[in-house]
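Per-entry structural report
These are the residues of each chain, in order.
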2 protein chains.
Amino acid sequence: MIRAAPHVSILPAGRYTRVIDLHAPITDMTTQKRRRPGETREILMEAALTLVGRGRHFASLGIREVTRQAEVVPTSFYRHFRNMDDLGLTLVDELGVVLRGMMREARANVLHADKLMDESVAIFVNHVQSNRNFFTFMAQGLAGESQAIQQGIRNEMQFFASELANDLRNLRLLPHLSDEDLDMACELVVRTVAFSLTDILSISAGDEEELGRIRRQTTRFLRMIFIGADHWQSG
Amino acid sequence: MIRAAPHVSILPAGRYTRVIDLHAPITDMTTQKRRRPGETREILMEAALTLVGRGRHFASLGIREVTRQAEVVPTSFYRHFRNMDDLGLTLVDELGVVLRGMMREARANVLHADKLMDESVAIFVNHVQSNRNFFTFMAQGLAGESQAIQQGIRNEMQFFASELANDLRNLRLLPHLSDEDLDMACELVVRTVAFSLTDILSISAGDEEELGRIRRQTTRFLRMIFIGADHWQSG
DNA sequence: GGGCTTTGTGTACAGTCGTTCACAAGTTGT
DNA sequence: ACAACTTGTGAACGACTGTACACAAAGCCC
């Protein structure tokens, strides 16, 4: 187990204020305590994601560690979550929001069937880069410790696949495929992209060259799958 | 973080003997201490795998926890491994052995091209079932905490893919594919199978019905990829 | 037999963990 | 305005953590 070095607090033990709001009305700073409702909750989730993005595995995070990163007292955690699993499930929910946003963007931008794959892969890669921590959490969760989180992420992926199948149906691509076969093909697509996710996450954040390689490889994977689907005959 | 219930030791603190060897020469049991060289090392690795198989994530395992499962005193750990990462890397090495065994069996049994996929998938599923803990460790490691373990597993997969490409070349399947394209297709195959691995691990051990569904789905995935590869034209 | 090396053991220490509790401060409802 | 509720705080607990050290027992080499 990799443990962080013993924590040496520079700040005095006590109340922390996360940001200094310059626009706040002038009040007695020493008595200011309350945040926007739900803000601490978000801060805790953000803190967990930050630690995950820093290389830690979600399964190895502890309550104290998260609250420390969030600059909140450990007891505060229980005001918002029952345990780390609970926090993880909430993260899965937000992951769903991120994925839906990605889907929306893909639907809006991918207009020409001939560039469908290049553009979709590009959108995916961009979303992964701008939500790196979220996607790291997703990749970890697929083989994670909590059955519930695992199932949640799996559900998100299946939903994504079925939406993709709907879109392809509407676009009249692969028209000779039965609904079932189209679902299958889309499931394969989503899995392939999800695996590329781990490729992206394994390279350092700014390595454009390697990123291009992954982008090309993923596109070729998808192309091969689509060719297979195009020549597929059910039975 | 999910913690086990506080450990209550039933045995008195002290030396433990893993198995009572009835065929051992009669000796003073109180002075028997030495094991077969390297045995404790194996016991520790086995203990880690057992915990992983029991649902824990490798990243969340601690030295004390592993030694407790191994029925060995915590300090013994350091006689064999520098830390948990070190143990993990050794597990990756053994994982390679398991994978090579699987490859050997596939090569020996898959003689007819027409049944290639069904038989290969069956062999894979069998190996996963008889080495469940190892494969769970593999699935976890793909998005794990340790970069080194992650890279190790990735390397094993790439080696597997390149061996598969060699076999397909020798079998004169997909003869029109360039070496590069064949490698690509095999990489996609290995990834697809690896993802099915997480499916298998997510169902309960004896669920034959669900297992059959996964087997069928994986076979269909592979068939689609091969059809795609068959109609692939490089460029 | 005597020394050297390897392996397992017991003790110990300082630090971290999850969780409980009583209390303070702010928010909301009336 | 006052009560009820929600949220943040600090101290405290017992258990567990990784790791260091000195020592004992067994195998190995000469």
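Thresholds, definitions, all that
Residues numbered from 1 in each chain as written. Chains lettered and ligands numbered in written order. Predicted model: local features only at pLDDT ≥ 70, side-chain atom pairs only at ≥ 80, totals over all residues. Heavy atoms only, no water. Core = buried A, V, L, I, M, F, W, Y, C linked by side-chain atoms within 4.5 Å. Buried < 20%, exposed > 50% of the residue type's maximum accessible area, 1.4 Å probe, protein only. Contact = heavy atoms within 4.5 Å. pLDDT = per-residue confidence, 0-100. Salt bridge = Lys/Arg side-chain N within 4 Å of Asp/Glu carboxyl O. Polar contact = N/O pair within 3.5 Å; in protein donor to acceptor, adjacent residues only side chain to side chain. Helix = DSSP H or I, 4+ residues; strand = E, 2+ residues; numbered from the N terminus. Nonpolar A, V, L, I, M, F, W, Y, C, P; charged D, E, K, R; others polar. Phe/Tyr/Trp six-rings, centres within 6.5 Å; stacked < 30°, edge-to-face > 60°.

**What about the nonpolar core?**
Counting residues in each nonpolar core, the largest one holds 144 residues, and the members touching the most others are Phe58(A) and Phe58(B). The residues contacting Phe58(A), other than those within four sequence positions of it, are Ala48(A), Val52(A), Met84(A), Leu87(A), Gly88(A), Leu91(A), Phe137(A), Gln140(A) and Ile149(A).

**Some points on the confidence of the model for chain A**
For chain A, mean pLDDT is 87; residues scoring 70 or higher make up 85% of the total. This model gives residues 1–32 of chain A a pLDDT under 50, and the stretch forms 26 contacts once residues within four places in sequence are excluded.

**Re the interface of chain A and chain B**
With 47 residues of chain A at the interface, the matching set in chain B holds 47 residues. Applying the counting rule to chain A against chain B returns eight salt bridges. In this structure, Asp181(B) engages Arg220(A) in a salt bridge whose closest nitrogen and oxygen atoms are separated by 3.2 Å. The interface formed by chain A and chain B contains 15 residue pairs in polar contact (both at pLDDT 80 or more). For the side of chain A that touches chain B, the secondary-structure elements that each account for two or more residues are helix H3 (84–109), helix H5 (132–141), helix H6 (147–170), helix H7 (179–202) and helix H8 (208–230) of chain A. By residue number, the principal contributor to the side of chain A that touches chain B is H7(A), which donates 14 residues. In terms of residue class, the side of chain A that touches chain B is built from 20 nonpolar, 15 polar and twelve charged.

**Thoughts on the packing of aromatic side chains**
A complete count under the given rule lists eight aromatic pairs over all chains for this structure. Considering the side-chain rings of Phe58(A) and Phe137(A), the 5.2 Å spacing of their centres and the 80° angle between planes classify their relative orientation as edge-to-face. With a gap of 79 residues between them, Phe58(A) in the loop between helix H1 (39–53) and helix H2 (63–69) and Phe137(A) in helix H5 connect regions that are remote in the sequence. This pair shows no difference in class: Phe58(A) is buried, exactly as Phe137(A) is. Where Phe124(B) meets Phe135(B), the ring centres are 6.2 Å apart and the plane angle is 85°; that geometry is what we call edge-to-face. Placement of the pair is Phe124(B) in helix H4 (residues 116–130) and Phe135(B) in helix H5 (residues 132–141), with a sequence separation of eleven residues. Each of the two residues, Phe124(B) as well as Phe135(B), counts as buried.

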